[in-house]
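A closer look at the structure
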Amino acid sequence: MRKLAIGTALSGALALTGLAAPVASASGTPDLTFAGVTVNNGKPLVVGVSKAVSVPVTYTLTRPKDLVIDQKKTFQAVVLYRGTLRNVGNELDPQAAPSCSTTATTDTTVTESCTETIVVEPGDSLWEAADATTWKAAGLYAHTDGTVSDDYLHNEMDVTLWGNLAPVTVQRAAKVTVNASPEPAVKGKTITVKGSLTRADWMSEKYTGYKGQTVLLQFKADGGSYKNVKAITSGTGGALSTTVTATKSGTYRFVFTGTATTAAKASAGDHVTVN
């Protein structure tokens, strides 16, 4: 199910409470500090079209010593969002409460080291091209006075978000294929190397052609290492095609170095014996 932001609160971020997102309020907000936020070990989030990606998040939380965060009526977490807190385009949040351990105390504060996991599901958490961009991390605090039974529900909630704590790059996964022919080849004759460059389309949940991108053809002679041969541009449907002269036996591959929205990817190698 796609999740949308409501007002200045993040709807999915309140999945921890099991209740709908309210309007954010600063009433009674405690003095919390989220520091050292690291998402996915500082690496981009690369997401394909079918496999969910588990994203580790670590941070340090400093809170008042007398504040109890039980994740039942008081909640804290780090969430990810695209856009601004005033105008959220999309958001990602943990489905389970963070795990925190105390690292330091003073007369008035407690400092904790916290970890959590955000699960990103293509086609659900991400569903449009605009999601491939730089996101931000935000610290969340919420308090509810909710009363719930089988036949009665009442809830009022205050929500506070501290935004722009860390940048997070979200990218589409890419696929690259290669096929060199003929096999075997005759020395001095032409070898044709073809393939394709595609990338994840979260809306259709398929890999689609990535046209107009620079892709490197590399060659590794038997016993050697890969070296650049030439750069070509992907055509309609992400098609790749070029020719080289057969000189020695070895392996060809295509390498896409990536863009801001799409992760780098190298194809498997295709070996050609030259006689």
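Residues numbered from 1 in each chain as written. Predicted model: local features only at pLDDT ≥ 70, side-chain atom pairs only at ≥ 80, totals over all residues. Heavy atoms only, no water.

As a further point, take the overall build of the protein. From N to C terminus, the protein includes 0 helices and 21 strands. The buried share among the 275 residues of the protein stands at 42%. A separation threshold of at least 6 residues defines the contact pool for the protein, and within that pool the share at least 24 residues apart is 67%. Carbon and sulfur atoms provide 49% of the accessible area of the protein, an area that totals close to 13,600 Å². (Helix = DSSP H or I, 4+ residues; strand = E, 2+ residues; numbered from the N terminus. Buried < 20%, exposed > 50% of the residue type's maximum accessible area, 1.4 Å probe, protein only. Contact = heavy atoms within 4.5 Å. Areas by Shrake-Rupley, 256 points an atom, 1.4 Å probe, with all protein chains shown as cover.)

Before going further, it helps to examine the pattern of salt bridges. What the rule picks out here adds up to 3 salt bridges. Between Glu128 and Arg82 there is a salt bridge whose closest N-O contact spans 3.1 Å. Separated by 46 residues along the polypeptide, Glu128 in the loop between β7 (109-120) and β8 (134-144) and Arg82 in strand β4 (residues 74-83) bring together distant segments of the chain. Of the charged contacts in the structure, one is a salt bridge between Asp131 and Arg82, with a shortest N-O distance of 2.9 Å. One end of the pair, Asp131, is in the loop between β7 and β8; the other, Arg82, is in strand β4, and 49 residues separate them in sequence. What makes Asp131 buried here is its relative accessible area of 0%. With a relative accessible area of 12%, Arg82 lands in the buried category. Each member of the salt-bridge network shares a partner with another, and the members are Arg82, Glu128 and Asp131. (Salt bridge = Lys/Arg side-chain N within 4 Å of Asp/Glu carboxyl O.)

Once that is clear, we can look at the pairing of β7. One ladder, built from 12 bridges, connects strand β3 (residues 53-64) with β7; its direction is antiparallel. Across the sheet, the residue bridging to Thr58 is Thr115, located in β7. Connecting the antiparallel pair strand β6 (residues 99-105) and β7 is a turn made up of 3 residues. (Pairing = 2+ DSSP bridges.)

It is worth spelling out the environment of Asp31 at this point. Mapped onto the fold, Asp31 is located in the segment before β1 (33-39). For the pair formed by Asp31 and Thr62, sequence separation is 31 residues and the distance between their alpha carbons is 8.4 Å.

Relative to the assigned elements, Thr169 resides in strand β12 (residues 167-172). Each C-alpha atom of the pair Thr169 and Ala260 lies 8.4 Å from the other, and the pair is 91 residues apart in sequence. Setting aside anything within four residues of it in sequence, one finds Thr169 in contact with Pro44, Leu45, Thr133, Thr134 and Ala260.

So, about the nonpolar core. Of all hydrophobic cores here, the largest spans 28 residues; its most connected members are Val39, Tyr59 and Leu80. Elements represented by at least two residues in this core include exactly β1, β2 (45-47), β3, β4, β7, β8 and β12. Those residues within four positions of Tyr59 in sequence are excluded, and the remaining contacts are Phe34, Ala35, Gly36, Val37, Gln76, Ala77, Val78, Pro98, Glu112, Ser113, Cys114 and Glu116. The next biggest cluster of nonpolar side chains, apart from the first, holds 21 residues, and it includes Val178, Ile232, Val244 and Ala246. (Core = buried A, V, L, I, M, F, W, Y, C linked by side-chain atoms within 4.5 Å.)

It is worth spelling out the sheet that holds β3 at this point. If you walk across this open sheet you meet the 4 strands as β1-β3-β7-β6, and the pairing is antiparallel. Whereas interior strands pair on both sides, the edge strands pair on one side only; in this sheet they are β1 and β6. Here the strands of the sheet are splayed against their neighbours by 20° on average, with no regard to which way each runs. (Axes fitted to C-alpha atoms, helices over the stretch in contact; angles between N-to-C directions.)

So, about the confidence of the model for the protein. When pLDDT is averaged along the protein, the result is 90; 90% of the residues meet or exceed 70. Taken as a whole, residues 1-11 scores under 50 in pLDDT and shows 35 contacts with residues more than four places along the chain or in a different chain. The low-confidence segment residues 16-26, where pLDDT is below 50, has 32 contacts with residues more than four positions distant or belonging to other chains. (pLDDT = per-residue confidence, 0-100.)

Now for the packing of aromatic side chains. Summed over the entire model, instances satisfying the criterion amount to 4 aromatic pairs. Taking the centre distance of 4.6 Å and the plane angle of 45° together, the rings of Phe219 and Tyr252 count as tilted. Here the residue Phe219 occupies a position in strand β16 (residues 214-221), and Tyr252 occupies one in strand β19 (residues 250-256), the gap between them amounting to 33 residues. The buried category is assigned to Tyr252, whose relative accessible area is 4%. Ring pairs connect the aromatic residues Phe34, Tyr59 and Trp162, which therefore count as one cluster. When the ring centre of Tyr207 is taken as reference, the NZ or CZ atom of Lys175 above it lies at 4.3 Å. One Lys or Arg, Arg199, reaches over the ring of Tyr210 and ends 3.8 Å from the middle of that ring. (Phe/Tyr/Trp six-rings, centres within 6.5 Å; stacked < 30°, edge-to-face > 60°. Lys NZ or Arg CZ within 6 Å of the ring centre and 35° of its normal.)

Before going further, it helps to spend a moment on the state of the cysteines. Linking two cysteines covalently via their sulfur atoms produces the bond known as a disulfide. Scanning the model with the defined rule gives 1 disulfide in all. Each sulfur in the disulfide pair Cys100 and Cys114 lies 2.1 Å from the other. Its S-S torsion of about 115° marks the bond between Cys100 and Cys114 as right-handed, since a negative value means left-handed. Taken as a pair, Cys100 in strand β6 and Cys114 in strand β7 lie far apart in primary sequence, 14 residues in all. (Disulfide = S-S within 2.5 Å.)

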